[in-house]
Amino acid sequence: MNKRYSAFFDDESIKRPFADVLAEVQEYISSKFATLITDNPDEQKKQISAYIAKYLTDGQISVDGYDFDALIDRLYAEMAEFSFLTQYLFSNDVEEININSWKDVKITYASGKILPASEHFHSPQHAIDVIRRVLHQSGMILDHSQPVVRGHLSNKIRITVLGNPVTDEEKGVAASIRIVNPKQLGKKDFVKNNTATAEMLDFLSLCLRYGLSMCVTGATGSGKTTVMAWLLSTIPDHMRLFTIENGCREFDLVKEDESGRVLNNVVHTVTRYSEDPRQNVDQEKLLEYALTSNPDIVCVGEMKSAEAFAAQEAARTGHGVITTTHANSCDATYNRMVTLCKTKYDISDKTLYDLVTEAFPIVVFAKKLEDSSRKIMEITECEILPDGERKIRTLFRFNITESSGGSGKAIKGEFERVDPISAGFRKRLRENGMPLSALEKLTGGESK
């Protein structure tokens, strides 16, 4: 504790409830010093913190559980930031904040562990007030007419909120705040964390680089977006990337040098919802725009609906397309795509299956296991046989050798390279410009 203020936190200081102190400090700041607040965030924090310190020292006020500096930080966070959520929102070790009710907040860490937050909201209304402040960043309003909203804090933080009457009034709100790849995981991190082998990652990176489309599939929280973000970051700077995301942008792939000069070639786009159909810009429409923008690689953040049909059309025109979807396995991914495509056109399942397997020859299945570790469980190739039939070839997979049998125990296993890529696959890579040396490395010398 700062010695200058230690006298105010001994037995003679006035112990007060935090909520009462917050209300008084808010009134003090707004009535006395509102005109002194600047537009500079750093200067604003400095000024407000100084006034909070003055109020506390003048009144010899303290709160149980806080030293002087911590109390100032917490009061500032309540007034100008996002309460106790601030420490998690901008941590590089947190992936998700799940609010089940005002007094039940769970934190998902980059390690995969899920732990209760060290604090919770003071009341249902306090939870609503803080979440409304969060949503304000993206211009979203939470009220009875709009009890379900989605927004974003930054390019990598997105939020989904459920309020009354969708949720019980006494619970406050329910919310999920997702922070994409907070640690900027790279190839070395994936290998170190045993998410995949270097060979698997090199394979996927080279395939995308040379125009073979792929879908990364798995459940929510399995690491799909993190893997896809890394794959996109490996694309050479001269190649043009066009990303399409739904509602808010999570990718930030633009590279700049120290002078601010852009080094690579990226176009980031997001959908815009409007009740006026003429003003609505969905993923399907952005895909149409993308194909007229001379892209080398198109990224469709997630296939959820009719955009699946447009995505497979784009992939079959020769563009490299990478996307994600929710499915339980590599095999199930194609059936999922068929279902999504049928929301656009009523075409037979067989025809659609043939289309999506041609469009996305590679499927990557990611999974979060019981011990909270994330694995690329399988990578498959869909080989098109001379008679038009399809054969799913498992190229890599993770074999579980010892299950945890309970929480807290690690799941043991090993990665295995199963089948080589097909002759047709090798031919496509060569036609797309892959050097023979790279192809031989990719195939273990089987380049013919």
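Residues numbered from 1 in each chain as written. Predicted model: local features only at pLDDT ≥ 70, side-chain atom pairs only at ≥ 80, totals over all residues. Heavy atoms only, no water.

**Q** Quick rundown of the pairing of strand β15 (residues 374–384)? Include the residues and the values.
**A** Within β15, nine of the eleven residues are buried, which leaves the element mostly enclosed by the surrounding structure. The pairing of strand β14 (residues 362–368) with β15 spans seven bridges and is classified as antiparallel. If you follow Ile 362 over to β15, its bridge partner there is Glu 381. Judged from the seven bridges that link them, β15 and strand β16 (residues 390–402) form a sheet pairing that is antiparallel. Opposite Glu 383, over in β16, you have Lys 391 as the bridge partner. What sits between the antiparallel neighbours β15 and β16 is a turn of five residues, in which Gly 388 has the positive phi angle 90 degrees. (Buried < 20%, exposed > 50% of the residue type's maximum accessible area, 1.4 Å probe, protein only. Helix = DSSP H or I, 4+ residues; strand = E, 2+ residues; numbered from the N terminus. Pairing = 2+ DSSP bridges.)

**Q** Describe the pattern of salt bridges, naming the residues involved and giving the relevant values.
**A** Summed over the entire model, instances satisfying the criterion amount to 22 salt bridges. Lys 15 serves as the salt-bridge partner of Asp 64, at 3.8 Å between the closest nitrogen and oxygen. Taken together, the residues Asp 64 in the loop between β2 (61–62) and α3 (68–80) and Lys 15 in strand β1 (residues 14–15) connect sequence positions 49 residues apart. For Asp 64, a relative accessible area of 57% translates into the label exposed. Note on Lys 15: relative accessible area 45%, which makes it partly exposed. The salt bridge partner of Arg 417 is Glu 199, with a shortest N-O separation of 2.4 Å. In this pair, Arg 417 is assigned in strand β17 (residues 412–417) and Glu 199 in helix α7 (residues 198–209), connecting sequence segments 218 residues apart. On the basis of relative accessible area, Glu 199 is assigned to the partly exposed category, the value being 37%. (Salt bridge = Lys/Arg side-chain N within 4 Å of Asp/Glu carboxyl O.)

**Q** A description of the packing of α7 against helix α8 (residues 224–233) should follow, citing residues and the corresponding values.
**A** For the pair α7 and α8, the least separation of the axes is 9 Å and the interaxial angle reads 60 degrees. Compared by their axis directions, α7 and α8 come out oblique. α7 and α8 meet at a crossing whose hand is right-handed. Facing α7, whose interface residues are Leu 201, Leu 204, Ser 205 and Leu 208, α8 presents Trp 230, Leu 231 and Leu 232. Grouping the amino acids of the contact of α7 with α8 by side-chain chemistry returns six nonpolar, one polar and no charged. (Axes fitted to C-alpha atoms, helices over the stretch in contact; angles between N-to-C directions. Parallel < 35°, antiparallel > 145°, perpendicular 65-115°, else oblique. Left-handed = near helix turned anticlockwise from the far one by under 90°. Contact = heavy atoms within 4.5 Å. Nonpolar A, V, L, I, M, F, W, Y, C, P; charged D, E, K, R; others polar.)

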